[in-house]
Amino acid sequence: MAPDILDSIRSTIRDVPDFPTPGILFKDITPVLANPTLLAQAIDGMIEATGLTEVDKVVGIDARGFIFGALIAERLGAGFIPVRKKGKLPWKTRGVDYTLEYGTNSVEMHLDAIAPGETVLLADDLLATGGTAGAALDLIQQAGGQVVGSTFFIELSFLGGRQRVSTSGPVHALITY
């Protein structure tokens, strides 16, 4: 992706200090989402970074991963699969518990979402510690999906999430802090 486009996207991301708790500098992506040109360029960049031209399914993580994942799936002619917080999907699911800095959480995916052998790309808005992304990758692999990579809009590299998810395939981030 051209450096000037990346600079435009990066300069549109808003820093919000002390959100959601004191000491956190939150990267607010809603100004990018509100700009159709920048959003399209971000999706193009996330796809371009993977080098993929087709996959069977794109998995997006609740909630902003749904935005990126669905748009990427549409561009690649793939199906979109939501991975949601426990209890939010309406049909039979498989779930994974994972550890957070201060506790645990759970995510789920429909049992029939991915057929064995299907190629799958994971897409999300943010790679931080890698806990949620790692759990989603576990779900894909439990279903028999072949993970071909992960793509993120933003990576907070100082939190080490890449190391946690890179065991499941190539990891790409459009913007890294």
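These figures come from a predicted structure and were not determined experimentally. (Residues numbered from 1 in each chain as written. Predicted model: local features only at pLDDT ≥ 70, side-chain atom pairs only at ≥ 80, totals over all residues. Heavy atoms only, no water.)

Engineer: Mind showing me how you'd approach the environment of Ser11 here?
Structural biologist: One can find Ser11 in helix H1 (residues 3-12). Residues Ser11 and Leu25, 14 residues apart in the sequence, show an inter-C-alpha distance of 15 Å. (Helix = DSSP H or I, 4+ residues; strand = E, 2+ residues; numbered from the N terminus.)

Engineer: When you look at the pairing of strand S4 (residues 79-85) in this model, what are you seeing that I'm missing?
Structural biologist: Note on strand geometry: in a regular strand, side chains alternate between the two faces of the sheet. Bridge count between strand S3 (residues 57-61) and S4: five bridges; the pairing is parallel. By the bridge assignment for S4, Gly60 is matched with Pro82. In this structure, S4 lies alongside strand S6 (residues 103-110), joined through two bridges in antiparallel fashion. Considered in S6, the bridge of Lys85 is made with Val107. (Pairing = 2+ DSSP bridges.)

Engineer: Is there a simple way to think about unusual backbone geometry in this case?
Structural biologist: Negative phi is the rule for most residues except glycine; trans is the rule for most peptide bonds. Following Phe19, the chain continues to Pro20 via a peptide bond in cis, the omega torsion being 0°. A cis amide bond links Asp62 to the next residue, Ala63, at an omega of 5°. Checked against the element boundaries, Ala63 lands in the loop between S3 and helix H4 (64-76). Even without being a glycine, Asp18 presents a positive backbone phi close to 60°. Considering the arrangement of structural elements, one finds Asp18 in the loop between strand S1 (14-17) and strand S2 (25-28).

Engineer: Mind showing me how you'd approach the pattern of salt bridges here?
Structural biologist: A side chain of one charge can pair with a side chain of the opposite charge if their charged atoms are brought near each other. Applying the stated rule across the entire model yields seven salt bridges. One salt bridge in this structure joins Asp28 and Arg14, with 2.8 Å as the shortest N-O distance. Of this pair, Asp28 sits in strand S2 while Arg14 sits in strand S1; the two residues are 14 residues apart in sequence, bridging distant segments of the chain. Exposure remark for Asp28: the relative accessible area of 11% places this residue in the buried category. Across the pair Lys27 and Asp15 runs a salt bridge, and its minimum N-O distance is 2.7 Å. Here Lys27, found in strand S2, pairs with Asp15, found in strand S1; they are 12 residues apart in sequence, far enough to count as distant. The exposure class assigned to Lys27 is buried, which follows from its relative accessible area of 16%. (Salt bridge = Lys/Arg side-chain N within 4 Å of Asp/Glu carboxyl O. Buried < 20%, exposed > 50% of the residue type's maximum accessible area, 1.4 Å probe, protein only.)

Engineer: Before we go on, may I ask you to explain the packing of aromatic side chains in this structure?
Structural biologist: Aromatic rings considered in pairs are described by the distance between their centres and by the relative angle of their planes. This model, assessed by the stated rule, comprises three aromatic pairs. Ring geometry for Phe66 versus Phe80: centroids 6.0 Å apart, planes at 80°, classification edge-to-face. One end of the pair, Phe66, is in helix H4; the other, Phe80, is in strand S4, and 14 residues separate them in sequence. Judged by relative accessible area, which is 28%, Phe80 ranks as partly exposed. Their ring planes at 20° and their centres at 5.1 Å tell us that Phe68 and Phe153 sit as a pair that is stacked. Taken together, the positions of Phe68 in helix H4 and Phe153 in strand S8 (residues 146-155) put the pair 85 residues apart, joining distant regions of the chain. Accessibility classification places Phe68 together with Phe153 in one group, the buried group. A cation over a ring is seen here: Arg10 above Tyr177, with NZ or CZ 5.1 Å from the ring centre. When the ring centre of Tyr177 is taken as origin, the NZ or CZ atom of Lys27, which lies over that ring, is 4.0 Å away. (Phe/Tyr/Trp six-rings, centres within 6.5 Å; stacked < 30°, edge-to-face > 60°. Lys NZ or Arg CZ within 6 Å of the ring centre and 35° of its normal.)

Engineer: Any chance you could explain the packing of H1 against helix H3 (residues 36-50) here in plain terms?
Structural biologist: In a pair of packed helices, the angle between the axes and the distance between the axes together describe the arrangement. At a minimum axis distance of 10 Å, the contact between H1 and H3 shows a crossing angle of 120°. Of the possible angle classes, the one that applies to H1 and H3 is oblique. In this structure, H1 crosses over H3, and the sense of that crossing is left-handed. Seen from H1, the contacting residues are Ile5, Ser8, Ile9 and Thr12; seen from H3, they are Leu38, Gln41 and Ala42. Among the residues making up the contact of H1 with H3, the classes are represented as four nonpolar, three polar and no charged. (Axes fitted to C-alpha atoms, helices over the stretch in contact; angles between N-to-C directions. Parallel < 35°, antiparallel > 145°, perpendicular 65-115°, else oblique. Left-handed = near helix turned anticlockwise from the far one by under 90°. Contact = heavy atoms within 4.5 Å. Nonpolar A, V, L, I, M, F, W, Y, C, P; charged D, E, K, R; others polar.)

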